[in-house]
Amino acid sequence: MAERYDAIVIGAGPGGEVAVSRLAERGLRVALCERELIGGECGYWACIPSKTLISPQQARAHAGRSAGIQTPELRFAEVADWRDTMIRHLDDKSQVEGYRDRGVAVYKAQARITGPRRVEVGGQELESERIIIATGSDTQIPPIPGLQDAGYWTNREATTLSEVPDSVAILGGGPVGIELAQMLRRFGASVTLIEAAERLLAREDPAVSDLIAGVLREEGIDVRLAAQVAAVAGGDGRRTVRVDDSGEIAARELIIATGRVPRIGGLGLDAAGIEHDQRGIHVDERCRAGDGIWAIGDATGVMPFTHVAMYQARVVAADIAGTPVRADYHAIPRVVFSDPEIAAVGLTEQQAREQQLALVTARVTLPEVLARPWTYEPEPSGELGLLADSDRQILLGAWAVGPLASEWIHYAALAIKTAAPLAVLADTAAQFPTFTEAYLKAIEQLA
């Protein structure tokens, strides 16, 4: 006989955890199904370990750029020890116990939907009127000849490494590739970053791509753009990448960072009548995927960010509670935790022009208009770009490359979310001295 629950959540990444917690807080009897570790990709192999490895390097780099400070020593072994603490040594026993103490039933096994309102997990049948799919994504492995035989790393091996290889080739110039390239270079590896497109971060404004490419090259990273990988070979503990028109690149390790694919195989989606394609499960504005079924996070392919998964989980919890909430993605921040940080929100200039909007843009160089960068370091840098609709007089998009950009991009995110008039933004006082003041300087150019 099937065990009955008020809700079943399949996948315990950040999105799944938010869904479980919110539903349990409302008094629902919830089952949580997770085939690996509670906390998911983000907690063990992506966001948390990567930022833990990056942070000491950025502190060291900032010290080296600051006045009157001797550049401190970077000790990888100690950083790795703290990384292991942060990822709980890949052990989720305390998380399992914590949920069970709160009355949540935890099933550590692969789950699949077997019929209307039915889930099978680890040989057990569960029943519920509410099923939430939050299974995340996997690294997309390109079909390159020789790749499987040569062997490679994904973000998992790169963020849990126990020693730094002497050389690394990275396929993919998106956020993951950029963060890993800079991290490994600062730990002493020789790094080649290979991108098939004509620029890094191809989905962002070209100015952002140019700025970060320049930074990476200054740090000694070999950035190859418009580089098509023809084949990969392995031997003697090394990998050789053959790139069309530019010869071969040899490295100890090869890291694949060419994107993500939704982890939805084996879930029984077809049997449940759930529409999906290679991008993910189709959901509506309330994250509904079918009768009594919701999907959130990378499994939907909407926007592959942890904060989007958590946002969608809040939408689903509200929908189940009977609150008419609809997901709105037009002001979701996008951040690369490089040094300097890269942050963006809203439309890019290309997207705005494709929509034939009445576009006006502004761009400011931070050290030219602010005091804060000079208090930060003697040779500061950084830029801010804004896009606005000149007819409606509202902000459409923003990008920033500079210190702590991940923090002050939220000023633009809130302005875009609320459609705050440019006149209101121009009439708002920013704390002195801060990087946020740059918005006032840029908005003056939009008038």
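To be clear, the structure that these remarks concern was listed above.
Here the structure is a predicted model, which means the values were calculated and not measured.

Asker: So what about the packing of helix α1 (residues 14-25) against helix α10 (residues 306-320)? Which residues, and what values?
Answerer: In contact at an axis separation of 7 Å, α1 and α10 are set at 25° when each is read in the N-to-C sense. Considering their axes alone, α1 and α10 lie roughly parallel with respect to each other. The chirality of how α1 crosses α10 is right-handed. In this structure, α1 uses P14, G15, V18, A19, R22 and L23 to contact α10, whose residues at the interface are T306, A309, M310, A313, R314, A317 and I320.

Asker: Give a detailed account of the pairing of strand β23 (residues 341-346), specifying residues and quantitative values.
Answerer: Working note: regular strand, side chains alternate between the two faces of the sheet. By the criterion of burial, β23 is predominantly enclosed, with six of the six residues buried. In terms of strand pairing, strand β22 (residues 334-336) meets β23 through three bridges, oriented antiparallel. Paired with R334 across the bridge in β23 is A344. As consecutive antiparallel partners, β22 and β23 are separated by four residues. For β23 and strand β26 (residues 394-402), the ladder comprises six bridges, and the chain directions are antiparallel. Residue pairing in the sheet places E341 in a bridge with G402 of β26.

Asker: How would you sum up the pattern of salt bridges? Please name residues and give values.
Answerer: Going through the model one piece at a time under the given rule, you end up with 35 salt bridges. Ionic pairing is found between D92 and K108, a salt bridge with its closest N-O pair at 2.8 Å. One end of the pair, D92, is in the loop between α4 (76-86) and α5 (93-101); the other, K108, is in the loop between β4 (105-107) and β5 (111-115), with 16 residues separating them in the sequence. R326 is the partner of E285 in a salt bridge, and the nearest nitrogen-oxygen pair spans 2.6 Å.

Asker: Which residues make up the sheet that holds strand β15 (residues 247-251), and what values go with them?
Answerer: An order of β13-β14-β15 is seen for the three strands of this open sheet, with the pairing classed as antiparallel. Of all the strands in the sheet, the pair left with one neighbour each is β13 (229-235) and β15. Taken over all neighbouring pairs, the strand axes of this sheet differ in orientation by 20° on average, direction set aside. As defined by bridge partners, strand β14 (residues 238-243) adjoins β15 across five bridges and the pair is classed as antiparallel. Looking at the pairing, R239 lines up with A251 of β15.

Asker: Which residues make up the state of the cysteines, and what values go with them?
Answerer: Counted under the stated rule, the structure contains zero disulfides. You can see C33 has no disulfide; the closest cysteine sulfur is in C287, sitting 19 Å from it.

Asker: How would you sum up the packing of aromatic side chains? Please name residues and give values.
Answerer: In this description, an aromatic ring pair is defined by two values, namely the gap between the centres and the angle between the planes. According to the stated counting rule, one finds eight aromatic pairs in the structure shown. Judged by centre distance (6.3 Å) and plane angle (85°), the rings of Y5 and Y107 are edge-to-face. Within this pair, whereas Y5 is found in strand β1 (residues 3-5), its partner Y107 is found in strand β4, the two being separated by 102 residues in sequence. Geometrically, the ring pair formed by Y411 and Y439 is stacked, given 4.6 Å between the ring centres and 20° between the ring planes. Here Y411, found in helix α14 (residues 405-418), pairs with Y439, found in helix α16 (residues 437-446); they are 28 residues apart in sequence, far enough to count as distant. One aromatic cluster is present, built from ring pairs that chain together Y376, W408, Y411, F435 and Y439.

Asker: Describe the sheet that holds strand β10 (residues 167-171), listing the residues and the values that go with them.
Answerer: The strand order across the open sheet built from four strands is β12-β11-β10-β16, with neighbouring strands paired in parallel fashion. Each edge of the open sheet is held by one strand with a lone partner, namely β12 (222-224) and β16 (253-256). Taking the axes of each pair of neighbouring strands and ignoring which way they run, one obtains an average angle of 15° across the sheet. By the bridge criterion, four bridges tie β10 to β16 in an arrangement that is parallel. Within β16, the residue paired with A169 across the bridge is L254. Those strands touched by helix α8 (residues 175-186) are β10, β11 (190-194) and β16, and its axis lies near 165° from that of β11.

Asker: How would you summarise the pairing of β26 if you had to cite specific residues and measurements?
Answerer: Extensive coverage of β26 is indicated by the burial of nine of its nine residues. Where strand β25 (residues 383-389) meets β26, seven bridges bridge the pair, whose relative direction is antiparallel. Note that in β26 the partner of G385 across the bridge is W399. In textbook terms, the turn of a hairpin is the stretch between consecutive antiparallel strands, and for β25 and β26 this stretch comprises four residues, one of which, Q393, has a positive phi near 60°.

Asker: Any details on the environment of R217? Residues and values, ideally.
Answerer: Residue position: R217 is located in helix α9 (residues 206-218). Each C-alpha atom of the pair R217 and L193 lies 10.0 Å from the other, and the pair is 24 residues apart in sequence. Filtering out sequence-adjacent residues up to four positions away, R217 remains in contact with V223 and L225. Here V223 takes part through its backbone oxygen, which lies 3.1 Å from a polar atom of the side chain of R217.

Asker: For the packing of helix α3 (residues 47-65) against α8, give the residues involved together with the corresponding values.
Answerer: At a minimum axis distance of 10 Å, the contact between α3 and α8 shows a crossing angle of 60°. By the angle between their directions, the pair α3 and α8 is classed as oblique. When you trace α3 past α8, the crossing you get is left-handed. Every residue of α8 that contacts α3 at S50, K51, L53, I54, Q57, Q58, A61 and R65 is listed here: E179, Q182, M183 and R186.

Conventions we followed
Residues numbered from 1 in each chain as written. Predicted model: local features only at pLDDT ≥ 70, side-chain atom pairs only at ≥ 80, totals over all residues. Heavy atoms only, no water. Axes fitted to C-alpha atoms, helices over the stretch in contact; angles between N-to-C directions. Helix = DSSP H or I, 4+ residues; strand = E, 2+ residues; numbered from the N terminus. Parallel < 35°, antiparallel > 145°, perpendicular 65-115°, else oblique. Left-handed = near helix turned anticlockwise from the far one by under 90°. Contact = heavy atoms within 4.5 Å. Buried < 20%, exposed > 50% of the residue type's maximum accessible area, 1.4 Å probe, protein only. Pairing = 2+ DSSP bridges. Salt bridge = Lys/Arg side-chain N within 4 Å of Asp/Glu carboxyl O. Disulfide = S-S within 2.5 Å. Phe/Tyr/Trp six-rings, centres within 6.5 Å; stacked < 30°, edge-to-face > 60°. Polar contact = N/O pair within 3.5 Å; in protein donor to acceptor, adjacent residues only side chain to side chain.

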